[in-house]
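Structural features, examined
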Amino acid sequence: MGARVLVVEDAEAIRTAVLAGLTGAGFDAAGRVDGRALERDLETFRPDLVVLDVMLPGRDGFALLEAVRRHTDAGVVMLTARDGVDDRLRGLHGGADDYVVKPFALAELVARVTAVLRRMGRTPSTVEVGDLLVDAAAGSVSRAGVPIELTATELRLLDYLATQRGRVVGKGQILTRVWGYTEYDPNLVEVHVSALRRKLGEPRLLHTVRGLGYVLRAEPPVSAQRC
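Notes on the structure in this doc start here. (Residues numbered from 1 in each chain as written. Predicted model: local features only at pLDDT ≥ 70, side-chain atom pairs only at ≥ 80, totals over all residues. Heavy atoms only, no water.)

Take the overall build of the protein chain next. In terms of helices and strands, the protein chain carries eight helices and twelve strands. Sorting the 227 residues of the protein chain into buried and exposed places 48% on the buried side. Considering only contacts in the protein chain between residues 6 or more positions apart, those separated by 24 or more positions represent 55%. Accessible surface, the protein chain as shown: approximately 11,200 Å² in total, 51% of it carbon and sulfur. (Helix = DSSP H or I, 4+ residues; strand = E, 2+ residues; numbered from the N terminus. Buried < 20%, exposed > 50% of the residue type's maximum accessible area, 1.4 Å probe, protein only. Contact = heavy atoms within 4.5 Å. Areas by Shrake-Rupley, 256 points an atom, 1.4 Å probe, with all protein chains shown as cover.)

Here it is in structure tokens:
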């Protein structure tokens, strides 16, 4: 299994979805409704990263963040329905590594968890998709041993698609993760995907799934639409 991630979230639907997304991405994930046994979990499960909801019964996420920092060097990604700058700054100043505001795209959360773990050296920086090797930390990409030159934006785009390999991601998700935009601009994504696809060459790895988005995989799914 991959890095261990502990999810503390009292909303069952969110907790279940996050656990499924993390497990699907190769993480060893465990979920808790609250933080009553957090210290014990830190000792027994020994997570590499903790996903903390801010609004929890009993001790809130900020109190749990303090406990994590006292007992472990695990990364922390906080979830909250609060979009206030003060709350975000409080979490970040308290030692959180990242902050995700609800509602969020599951793919974005998984990508942020992956990014934090990568910065911490808890997960490999190199991702393999068929004969494609992507090492975003080193800024290198190669296919069948042949280096591929990418722009900084193309590298961010490929890195995101590689971390989500095998899963379809929508244009909105890509805009948020790669450019940080919240407004929908499909043309921006389409232009960069087309350029990246040309550079990756054949056989095709980057596929369009009609009406849904894009997927990076070694073999195209039956439903993939080539364009």
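There's more to say after this.
Our next topic: the sheet that holds strand E9 (residues 146–147). Reading across the sheet, the four strands line up as E6-E7-E8-E9 and stay open at both edges, with antiparallel pairing between neighbours. Two strands in the sheet have a free side with no partner beyond their single neighbour: strand E6 (126–129) and E9. Looking at chain direction, E6 and strand E7 (residues 132–135) are connected through four bridges and run antiparallel. Paired with Val127 across the bridge in E7 is Val134. Sheet strands touched by helix H6 (residues 152–163): E6, E7 and strand E8 (140–143). Its angle to E7, the strand with the most contacts, is close to 110°. (Pairing = 2+ DSSP bridges. Axes fitted to C-alpha atoms, helices over the stretch in contact; angles between N-to-C directions.)

As enumerated under the stated definition, the model contains twelve salt bridges in all. Taking the shortest distance from any N to any O, the salt bridge between Asp41 and Arg32 comes out at 3.0 Å. Classification of Asp41 as buried rests on a relative accessible area of 5%. By relative accessible area, which is 29% here, Arg32 ends up partly exposed. Among the ionic pairs, Asp131 bridges to Arg143, the shortest N-O distance being 2.8 Å. (Salt bridge = Lys/Arg side-chain N within 4 Å of Asp/Glu carboxyl O.)

We now examine helix H7 (residues 171–179). Where H7 is concerned, the buried positions are Lys171, Ile174, Leu175, Val178 and Trp179. Looking down the long axis of H7, one finds its buried residues gathered within 100° of arc, a one-sided arrangement. Those residues of H7 that are buried lie in contact with H6, helix H8 (186–200) and strand E11 (213–216). (Arc of directions from axis to C-beta.)

On to the sheet that holds strand E5 (residues 98–101), then. With parallel pairing, the five strands of this open sheet are ordered in space as E2-E1-E3-E4-E5. In this open sheet, the two strands that pair with only one neighbour each are strand E2 (28–32) and E5. Along the sheet, successive strands turn relative to each other by an average axial angle of 20°, direction set aside. Looking at chain direction, strand E3 (residues 49–53) and strand E4 (residues 75–80) are connected through five bridges and run parallel. Counted as the bridge partner of Val50 is Val76 from E4.

Of the two faces of strand E10 (residues 206–209), the one holding Leu206 and Thr208 and the one holding His207 and Val209 are both buried throughout. The pairing of E10 with E11 spans four bridges and is classified as antiparallel. Its bridge partner being in E11, Leu206 is matched across the sheet by Leu216. Counting the residues in the hairpin turn of E10 and E11 gives three residues, including Gly211, whose phi is positive at 80°.

With 29 residues, the main nonpolar core has Leu132, Leu158, Ile174 and Leu216 as its most contacted residues. Secondary structure elements with two or more residues in this core: helix H5 (106–119), E6, E7, H6, H7, H8 and E11. The residues touching Leu132, leaving out its near neighbours within four places in the chain, are Val127, Val141, Ser142, Arg143, Ile148, Leu158, Leu200, Leu205 and Leu216. (Core = buried A, V, L, I, M, F, W, Y, C linked by side-chain atoms within 4.5 Å.)

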